[in-house]
Amino acid sequence: MTMSNTPMAANPLTRAVLEIDEYASGLGWDQPARLFALVDTARLRTQEPALAAQLGLEDESVTTGLTPIEQDEVPTAKALDEFLGTIAWPDAVVGCALTVERLMLPPSAENQVPEGLSDAKLAKWVAQHPDRQEVRMTVGVLRDGSRDSAVRLREKDSPTEVLTGPDLVPGLAEALKATFAD
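Here the structure is a predicted model, which means the values were calculated and not measured. (Residues numbered from 1 in each chain as written. Predicted model: local features only at pLDDT ≥ 70, side-chain atom pairs only at ≥ 80, totals over all residues. Heavy atoms only, no water.)

Chemist: Is there a simple way to explain the nonpolar core in this structure?
Modeler: As a rule of thumb, soluble globular proteins bury nonpolar side chains together. Of all hydrophobic cores here, the largest spans 28 residues; its most connected members are Leu-35, Leu-80, Trp-89, Leu-98, Leu-172 and Leu-176. Listed by contribution, the elements that provide at least two residues to this core are strand 1 (34-40), helix 4 (80-84), strand 3 (93-104), strand 4 (133-142) and helix 6 (170-177). Setting aside residues up to four positions removed in sequence, Trp-89 forms contacts with Leu-35, Phe-36, Ala-37, Gln-71, Cys-96, Arg-143, Thr-179 and Phe-180. The next biggest cluster of nonpolar side chains, apart from the first, holds 12 residues, and it includes Leu-13, Leu-38, Leu-142 and Val-162. (Core = buried A, V, L, I, M, F, W, Y, C linked by side-chain atoms within 4.5 Å. Buried < 20%, exposed > 50% of the residue type's maximum accessible area, 1.4 Å probe, protein only. Helix = DSSP H or I, 4+ residues; strand = E, 2+ residues; numbered from the N terminus. Contact = heavy atoms within 4.5 Å.)

Structural data, given as structure tokens:
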């Protein structure tokens, strides 16, 4: 999925994360979580030419280092961290990425969170908080531990308003990195 509006980033992982963010943006909001395998584009062209052609990557001038390949649906009946704990990637997969929508509170509201709430009650409390914000988080990790992420606020849904950085969603990055553990 090569996106024409994705800003050129120096890092192939950053480019892949921004491509996935743009793809998810094109699908609109209120979408389920989506999981992607990240494969080396040159290796994909060599080892899977038919798949590379299907993805529009047969042209040697396509120089993106990583190609995101969307996986089957992420099950909604299982907690995301439990689902990620069941994943094992083949050697051809050099990284993975996940895009997921969540409600977030600004740091100023964190000290208002009541103590001892169950996950369900905490989710309900956040959903009712007046300062809550809907966000789409796209996080990618490589086998070597490299990570990057993109965060898009629903109220500022524009490619120029996407925050990027390696440590924006550290818990999700760690959970994705664990999918490569032996």
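On we go.
Chemist: Teacher, can you tell me more about the pattern of salt bridges here?
Modeler: Summed over the entire model, instances satisfying the criterion amount to 7 salt bridges. Between Asp-21 and Arg-152 there is a salt bridge, with its nearest N and O atoms 2.6 Å apart. Placement of Asp-21 in helix 1 (residues 12-27) and of Arg-152 in strand 5 (residues 147-153) is noted, with a sequence separation of 131 residues between them. Classification of Arg-152 by relative accessible area gives buried; the value is 2%. (Salt bridge = Lys/Arg side-chain N within 4 Å of Asp/Glu carboxyl O.)

Chemist: Even after reading the chapter, I still don't get the packing of aromatic side chains, so can you show me in this structure?
Modeler: Remark: the centre distance and the inter-plane angle together describe each pair of aromatic rings, the angle taken between the planes. A full pass over the atoms with the stated rule returns 2 aromatic pairs. Seen in terms of ring centroids, Tyr-23 and Phe-36 are 6.0 Å apart; in terms of plane orientation they differ by 90°. Their pairing is edge-to-face. Taken together, the residues Tyr-23 in helix 1 and Phe-36 in strand 1 connect sequence positions 13 residues apart. Residue classification places Phe-36 among the buried positions, given a relative accessible area of 0%. Consider the rings of Trp-89 and Phe-180, whose centres lie 6.2 Å apart with planes at 25°: the pair is stacked. A residue pair is termed long-range when its members are at least 10 positions apart, and Trp-89 in the loop between helix 4 and strand 3 and Phe-180 in the segment after helix 6 qualify at 91 residues. We note that Trp-89, like Phe-180, is buried. (Phe/Tyr/Trp six-rings, centres within 6.5 Å; stacked < 30°, edge-to-face > 60°.)

Chemist: Help me understand empty space enclosed by the protein in this model?
Modeler: Any empty space left between atoms is shown by rolling a water-sized probe over those atoms. One pass over the structure, following the stated rule, counts 1 cavity of 30 Å³ or more. Empty space within the largest cavity amounts to approximately 60 Å³. Every residue lining the largest cavity is listed: Ala-24, Leu-27, Gly-28, Gln-31, Pro-32, Ala-33, Arg-34, Thr-99, Val-100, Glu-101 and Arg-136. Put simply, the parts of the chain that give the lining of the largest cavity at least two residues each are helix 1 and strand 3. Tallying contributions element by element places strand 3 first for the lining of the largest cavity, with 3 residues. Considered class by class, the residues forming the lining of the largest cavity number 5 nonpolar, 3 polar and 3 charged. (1 Å grid on protein atoms, 1.4 Å probe; cavity = no way out; pocket = protein on both sides within 12 Å on 5 of 7 lines; lining within 4 Å. Points joined across faces, edges and corners; volume = space filled by probe spheres on them. Nonpolar A, V, L, I, M, F, W, Y, C, P; charged D, E, K, R; others polar.)

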